[in-house]
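The primary structure of each chain is shown beneath.
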Amino acid sequence: MTADSNDPPATEPFVAHGPARRSGSILLVLLIAAGIVAVAVWLMTIGRTQAQPYILGVLALLATVGLFNLFALAAGIIRFSDRTADDPVMARIADQAQEGLVVTDSRGHVVYSNAAYLTLTGAAGPQDVRPVERVFIGNPDVSEAVFRLLKAAREGKRQQEEVRVAGHEAGQGGGQGRWLRLRVRPLGEGKRDARYAVWSIADITRDRERQEDVFQELRHAIEYLDHAPCGFFSVNPAGEIAYVNATLANWLDYDLAEIGSGGLKLTDIVSGDGAALLTSIAAVPGEVKTEVFDIDLRMRGGKTVPVRLYHKLAFGADGAAGASRTLVISRARDEHSDPERAAEVRFMRFFDHTPMAIATVDRGGNVVGANARYAKLAQGLSGDGGAAKSIFRAVNPRDRGLLIAAINQAAEGQGDIAPVEVMLDGAKERFAQFFVTTVEKDERDAETAIVYMLETTERRALETQINQSQKMEMVGQLAGGIAHDFNNVLSAIMMANDFLLNAHKPTDPSFQDIMQIKQNATRAATLVRQLLAFSRRQTLRPQVLDLGDALSDLTMLLRRLIGEKVKLDLVHGRDLWPVKVDVSQFEQVVVNLAVNARDAMPDGGKLIIRTANVSTEEAAQLANKGMPAADYVKIEISDTGTGIPHEIIDKIFEPFFSTKEVGKGTGLGLSTVYGIVKQTGGFVYVDSVPDGGTTFRIYLPRHHQEQEVAPEAQAGNGTAKETATAEAAKPKPDLTGQGTILLVEDEDGLRSLNARGLRSRGYSVIEAANGVEALEAFEENNGKVDLVVSDVVMPEMDGPTLLKEMRSRNAELKIIFVSGYAEDAFEKSLPENQQFAFLPKPFTLTQLVAAVKETMTAN
């Protein structure tokens, strides 16, 4: 059964049952007459004889009016009762209608019915007419439909139902079932409790039978299509498979029920980039296009089937594509039965599966034919499909002239056309290399050139990355070499300055000048350490650290550095993993980035420092170049400042590169950050938006705790400032001593000052300019040397070689290496388990004699 409340208006009824209407009217007349008589009798009994003539006159007038109305009403009643007789056309339409019509009042009584209604309901005559709800009272399904119709009538609504009834219920002698359409329309539609409702009953059995025949024909057609000897599928504009026949599903080893549930896309069944061919057909509004493609379809297990597609696509008036109608013919047999077709199949496979985009074009750059790779590339370049129509639309307007010139050369028949590397058009920066080849002269009317295109975006990015890495490495080597040489000069200056300070009292007039020299030498030494940090050649003293605690210790210092205008927010991650870093160097990294952020926010802003763990799985999903998947602890430092322009963001880690005014920056802040993080084994990346702020992300490798922790690894958990304060609180130790020291230094001035300082503390010093002289001096003294203080980088024989030679003669010999390079720079060149001390340059006299005494007194 079906319901429909939008049926056409029913015919207005002709109410032929007059007695009901006439009896009500006569009753009204009698009531008026009775009222007049009652008034007359009352007036006659009151005894006012003077008013009687007037009263009687009025009563006579009222009686005349009443009688006139009575006769008029009687005539109207007669006309009303004979209404159908006065309009024979409308009466015949209602009485002879094929649909059964019945009119009921608000109490459900029948006030009119036509002959068709009597026939359809099996009524014996007018005296046997029943309302609709009583006709089908024995059928529960029909009764439910009638109930809905009655409810709609009471609410002033139209309603329609289609029901199936047995033959005897439908006024038939036999038991054959029939379909009836029941409709109801209240008079005064839209009003609740209407006085009359018009019902209609129509026999729609034949209509239903015709619909069933159409359905059966459609089912047979679908069954034929499903089991046709060729495949068929339909794909919607979103690339989703809407229909696949059983033949194609069998070829591809898919279950029809699984495909019918949805979720299968065109790219799931088309091998390679072939799907792009089907979805890149140029739209022609209002037309239907059919294209032929030779491609491979992919089976569920990954194998391929060569097929030919007849792909039919209809476009609407707005150019929007509808669902496709695609016929699939297998070409697997052609490979064995027809050599020519087999060759064609192999060529199309090669043509569509080559990793290079190929297109044939005319002189105007219009694409005549293209392979699947080019179709996919064209889709990714422009949303309007312009690149699929014209190859010039694939190229950025900046470089478009280069490709036009190459195709013009091909049109003129020139050979050996030089490749053209251009920027592709589109939202992202992409590059490609075009190879243009001319075609035979007699074919140039339709096709001028064959264009091969190879995207070079990733190659260019890799080349840029390698060039940048090599440049940074070369600059680092240069910076490290400069720092090493400069350290020797600084060491001599600082040593000589110490001698001057020892020779002058604070009250001497020149004492302040000497202190100024010391301060500037110390500042220069700091700059050298920054250079060494960038070149990753400084000496680090790593220790296991909790970054949350380290950043909390830095909070007060950072607030003083950034000032009151900048708000500092620290957001610590939960349960941070430990890392192993040099505490002072890590603090230097954070301070440098905070100072840079402050300078980028002259009017104030916000500095946010966040920490978080990054698991191996999360690291693998990040787009960070060069960072392997592993566990890291991330430190993210963000500001709301002016940002970094795109054109210089690749240069910010280079030493001496600065955007600050002259005298306001050394250009070593970010290069120091880069070097320290790299030397620690971490990675640093930057994201910046001009006028939108900058974010530095530092990833430090997670440190896995060993079962036994060395005691020295547990010590020194404070900040550099706390350590310096603790050192200052200690009493000054006695740095004098005795013993023979072999001093090896290739810088004469520095060697002389170091020897003078050691002799002033009571030591005997033997000087040597290089490793060869040191071995000769060692032999001359029969190996009676208590300690060797040697430079690392020297001519003829370097420090590590000298150590091997001397340890072969005296395995217990103690040695201190001094160098402007990091300890790690030469430690790998030493034999395993070799013990030595290390003193980084530049150093003061106090630091030198302290290291000497500590080494000589150690067991």
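Calculation criteria
Residues numbered from 1 in each chain as written. Predicted model: local features only at pLDDT ≥ 70, side-chain atom pairs only at ≥ 80, totals over all residues. Heavy atoms only, no water. Salt bridge = Lys/Arg side-chain N within 4 Å of Asp/Glu carboxyl O. Buried < 20%, exposed > 50% of the residue type's maximum accessible area, 1.4 Å probe, protein only. Helix = DSSP H or I, 4+ residues; strand = E, 2+ residues; numbered from the N terminus. Expected span 1.5 Å × (residues − 1). Core = buried A, V, L, I, M, F, W, Y, C linked by side-chain atoms within 4.5 Å. Contact = heavy atoms within 4.5 Å. Axes fitted to C-alpha atoms, helices over the stretch in contact; angles between N-to-C directions. Left-handed = near helix turned anticlockwise from the far one by under 90°. Nonpolar A, V, L, I, M, F, W, Y, C, P; charged D, E, K, R; others polar. Pairing = 2+ DSSP bridges. Arc of directions from axis to C-beta.

Moving on, we get to the pattern of salt bridges. Evaluation of the coordinates by the stated rule reveals 29 salt bridges. When the shortest N-O distance is used, the salt bridge between Glu-155 and Lys-157 registers 3.5 Å. Exposure remark for Lys-157: the relative accessible area of 48% places this residue in the partly exposed category. The partner of Asp-399 in a salt bridge is Arg-398, with the nearest N and O atoms 3.2 Å apart. For Asp-399, a relative accessible area of 11% gives the class buried. One network of salt bridges, in which partners are shared, links Arg-610, Lys-634, Glu-636, Asp-687 and Arg-697.

Given 3.6 residues to a turn, an α-helix orients residues that are three or four positions apart in the same direction. Look at helix α26 (residues 748-760): 18 Å from first C-alpha to last across 13 residues, which is about the 18 Å you get at 1.5 Å a residue. For α26, every residue scored as buried is listed here: Leu-750, Arg-751, Leu-753, Asn-754, Ala-755, Gly-757 and Leu-758. In the stretch just after α26, Gly-762 is the one whose phi turns positive, near 100 degrees.

This part covers the nonpolar core. Judged by nonpolar contacts, the single largest core of 43 residues is most densely connected at Leu-547 and Phe-586. Here this core gets nine residues from one element, more than from any other, and that element is helix α21 (residues 583-599). If we ignore the near neighbours within four places in the chain, the residues touching Phe-586 are Leu-545, Leu-547, Ala-550, Leu-551, Val-581, Ile-635 and Leu-700. Counting residues in each nonpolar core, the second largest holds 29 residues, with Ile-259, Ile-269, Val-307 and Leu-313 among its members.

Moving on, we get to the packing of helix α20 (residues 547-562) against α21. Direction vectors running N to C along α20 and α21 enclose 40 degrees, while the axes themselves pass 10 Å from each other. The element α20 and its partner α21 pack so that their crossing is right-handed. When α20 is examined against α21, the residues Leu-547, Ala-550, Leu-551, Leu-554, Leu-557, Leu-558, Leu-561 and Ile-562 are found in contact with a partner set consisting of Phe-586, Glu-587, Val-590, Val-591, Ala-594, Val-595 and Arg-598. Taken together, the residues of the contact of α20 with α21 break down into 13 nonpolar, no polar and two charged.

Next up on the list: the pairing of strand β10 (residues 304-314). Sheet topology note: the strand β9 (residues 288-298)/β10 ladder contains 11 bridges and is antiparallel. The partner of Val-292 across the bridge, within β10, is Tyr-310. Counting the residues that bridge the hairpin from β9 to β10 gives five residues, and of these Gly-302 lies at a positive phi of roughly 105 degrees. The pairing of β10 with strand β11 (residues 325-330) spans six bridges and is antiparallel. By the bridge assignment for β11, Tyr-310 is matched with Leu-327.

Turning our eyes to something else, we now look at helix α7 (residues 140-154). Over its 15 residues, α7 extends 21 Å from the first C-alpha to the last, a length consistent with the 21 Å expected when each residue adds 1.5 Å. Listed as buried for α7 are Val-142, Ala-145, Val-146, Leu-149, Ala-152 and Ala-153. Seen along its axis, α7 keeps its buried residues to an arc of 115 degrees; they face one direction. In this structure, α7 carries Pro-140 and Phe-147 as exposed residues pointing more than 90 degrees from its buried face. The inward-facing, buried residues of α7 contact α6 (132-135), β4 (159-165), β5 (178-186) and β6 (196-203). Note on α7: the residue one or two positions beyond its end, Gly-156, has a positive phi of about 75 degrees.

Summarising burial for β6: seven of the eight residues are buried, a large majority. Two elements, strand β2 (residues 100-105) and β6, share six bridges in a ladder whose sense is antiparallel. Paired with Thr-104 across the two strands is Ala-197, which belongs to β6. With seven bridges connecting them, β5 and β6 associate as antiparallel partners. Considered in β6, the bridge of Arg-185 is made with Val-198.

Now for the sheet that holds strand β20 (residues 605-614). Ordered by their spatial adjacency, five strands build an open sheet running β18-β20-β21-β23-β22, and the pairing between neighbours is mixed. Across the chains shown, the open sheet's two edge strands, defined by having one partner strand only, are β18 (566-571) and β22 (683-689). Between one strand axis and the next, the sheet turns by 15 degrees as a mean value, whatever way the strands run. Relative to strand β23 (residues 693-701), β22 runs antiparallel, the two sharing seven bridges.

By themselves, these figures tell us nothing about what the structure is for.
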